[in-house]
Amino acid sequence: MSTQPLKYRRILLKLSGEALMGHEDYGIDPKVIQAMAKDIVEAQRAGAQIGLVIGGGNIFRGAGLAEAGMDRVTGDHMGMLATVINALAMADALEKEGGFARVMSAIKINEVCEDYIRRRAIRHMEKGRIALFAAGTGNPFFTTDSAAGLRASEIGADLLLKATKVDGIYDSDPKKNPNAKRFEHLSYDEVIARNLQVMDTAAFALCRDNKVPVRIYDMMQPGALMRILRGESLGTLVDAG
């Protein structure tokens, strides 16, 4: 393993719930979550302090349920519970890889995980534990992208990493347009003005206001997480420009 020092020491990693499905139609693919856990534990052992936010779209999406007629607040609360399920699954996978993990929820669910307390979260990371932030912000109408921006700002992250199935931000959908152009670097304001919906506007605004750079990258690329932590320019970087 390379002994090259890390450029980023404290990070917030955002994973979508859909990413956990792999090639399944629903739920969690054990092979996918274990592969992710292996990369995350490798990064933690290399010296990174890691906070993790996982979405719940592989189980429930509050906005989608609302469109189908369910009360939006009820749907969002169901979505928050879905993120707790995913965080517990990821914590188990991390510990199977020899890591140490703590699930912290923005809503009270003390029988299965801790309450989110900022200082305790930072202490966990300083002690080499991977902190998994579940239940979004704890409020309806806010996505887990917004939760990632909020937690990254609260813990003083050097970088927010959004792991996706594409290798950065494009000017159009690369699956539909073979000539889509990938951006190497954008400013927060450019992303917001262009309405490049790789993350919520609220998430980018939070990161802009708190000077947290964001990198969008392909989580399926082997070794990508460690390469980014050591300073390689994978995917798309969004910062003040």
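To be clear, the structure that these remarks concern was listed above.
Going along each chain's sequence as written, the residues are numbered from 1 onward. In view of the model being predicted, local features appear only for residues whose pLDDT reaches at least 70, and side-chain atom pairs are presented and counted only at 80 or more, with totals across whole chains, interfaces and linings using the full set of residues. Values shown for side chains rest on all heavy atoms present in the structure; no hydrogens or waters enter the calculation.

Asker: I'd like a rundown of the overall build of the protein, residues and numbers included.
Answerer: A count of helical and extended segments in the protein gives eight helices and eleven strands. If you line up the protein on its principal axes, its C-alpha atoms span 45 × 45 × 35 Å. Exposure is judged per residue with a 1.4 Å probe applied to protein chains only, and the accessible area is read against the type maximum: over 50% gives exposed, under 20% gives buried, and values in between give partly exposed. Here the protein holds 241 residues, and the buried ones make up 51% of them. Here the protein has roughly 11600 Å² of accessible surface; of this, 50% comes from carbon and sulfur atoms. Secondary structure elements follow DSSP: runs of H or I no shorter than four residues count as helices, runs of E no shorter than two count as strands, and numbering proceeds from the N terminus. Here, Shrake-Rupley sampling with a 1.4 Å probe gives the accessible areas, and only protein chains in the shown set may cover a residue.

Asker: Tell me about helix α7 (residues 201-209), and name the residues and values.
Answerer: Residues that lie three or four places apart on an α-helix share one face, since the helix turns once every 3.6 residues. Where α7 is concerned, the buried positions are A203, F204, A205 and C207. Phi for K211, located one or two positions after α7, is positive at around 55 degrees.

Asker: Could you give an account of the pairing of strand β5 (residues 130-134), naming the residues involved and the relevant values?
Answerer: With five of five residues buried, β5 lies mostly within the body of the structure. Residues I130, L132 and A134 line one face of β5 and the alternating positions A131 and F133 line the opposite face, and both faces are buried. In this sheet, β5 lies alongside strand β2 (residues 49-54) in parallel orientation, the contact comprising three bridges. Bridge pairing in β5 places V53 opposite F133. Whether two strands pair comes down to DSSP finding at least two bridges between them. Examined bridge by bridge, strand β3 (residues 101-105) and β5 share five bridges and lie parallel to one another. Following the sheet pairing, A101 is matched in β5 by I130.

Structural measurements only, silent on function.
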